[in-house]
Amino acid sequence: MTENSFYKCIVKTDYEGAKGKMKSRRDEYIVEGISPTDVEAKITKELEGFDFEIAQIAVTKIVSIVK
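Reading the values: the criteria
Residues numbered from 1 in each chain as written. Predicted model: local features only at pLDDT ≥ 70, side-chain atom pairs only at ≥ 80, totals over all residues. Heavy atoms only, no water. Pairing = 2+ DSSP bridges. Helix = DSSP H or I, 4+ residues; strand = E, 2+ residues; numbered from the N terminus. Salt bridge = Lys/Arg side-chain N within 4 Å of Asp/Glu carboxyl O. Buried < 20%, exposed > 50% of the residue type's maximum accessible area, 1.4 Å probe, protein only. Axes fitted to C-alpha atoms, helices over the stretch in contact; angles between N-to-C directions. Contact = heavy atoms within 4.5 Å. Core = buried A, V, L, I, M, F, W, Y, C linked by side-chain atoms within 4.5 Å.

*Asks:* Which residues make up the pairing of strand β1 (residues 5-16), and what values go with them?
*Replies:* Where β1 and strand β2 (residues 22-33) come together, twelve bridges link them in antiparallel fashion. Directly across from glutamate 16, in β2, lies its bridge partner methionine 22. The turn linking β1 back onto β2 is made up of five residues, and glycine 20 within it adopts a positive phi angle of 85°. Here β1 pairs with strand β3 (residues 53-59) via six bridges, running antiparallel. Along β3, the bridge assignment pairs lysine 8 with alanine 58.

Dropping the structure here:
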């Protein structure tokens with residue numbers, strides 16, 4: 001049995017600014033998963049319908065998220 005880890009996933013999106021100039025935005029997500037491939041699948045499902053690029057996925061040292 002594989003234990004889930006928390007990953008930081010940086011997602012890059014491009015958008016048109018107020019003056020019509022293209023700009024980039026980078027958002028960070030914390031995702032629980034068993035591997036980077038699992039995290040990629042979860043982010044892709046979450047952002048379905050949006051134009052985005054996954055720039056980075058890195059395992060974190062987070063052990064738990066208290067809600």
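Once the structure has been displayed, the description carries forward.
*Asks:* Would you mind going over the pattern of salt bridges in detail, with residue names and values included?
*Replies:* Tallying each qualifying case throughout the model produces two salt bridges. The partner of arginine 25 in a salt bridge is aspartate 27, and the shortest N-O contact between them spans 2.9 Å. Here aspartate 38 ties to lysine 42 by a salt bridge, and the two come within 3.7 Å at their closest N and O atoms. With aspartate 38 and lysine 42 both in helix α1 (residues 36-46) and four residues apart, the pair spans about one turn of that helix. Taking the relative accessible area as the measure of exposure, aspartate 38 reaches 22% and is therefore partly exposed.

*Asks:* Please set out the sheet that holds β3 residue by residue, giving values where relevant.
*Replies:* In space, the three strands of this open sheet follow the order β2-β1-β3, with antiparallel pairing throughout. Only two strands of the sheet have a single partner each, and these edge strands are β2 and β3. The sheet shows a mean angle of 20° between the axes of neighbouring strands, taken without regard to direction.

*Asks:* Which residues make up the side chain of threonine 13, and what are the values?
*Replies:* With respect to the element layout, threonine 13 can be found in strand β1. Look at threonine 13 and you get buried, because its relative accessible area is 18%. Ignoring anything within four residues of it in the chain, the contact list for threonine 13 reads Lys23, Ser24, Arg25, Asp51 and Phe52.

*Asks:* Would you mind going over the nonpolar core in detail, with residue names and values included?
*Replies:* A general feature of soluble globular proteins is that nonpolar side chains tend to end up buried together. In terms of nonpolar packing, the biggest core is built from seven residues, these being Tyr7, Cys9, Val11, Val31, Val39, Ile43 and Leu47. Those elements giving two or more residues to this core turn out to be β1 and α1. At three residues, the largest contribution of residues to this core is made by β1. The contact partners of cysteine 9, leaving out residues within four places of it in the chain, are Asp27, Glu28, Tyr29, Val39, Ile43, Ile54, Gln56 and Ile57.

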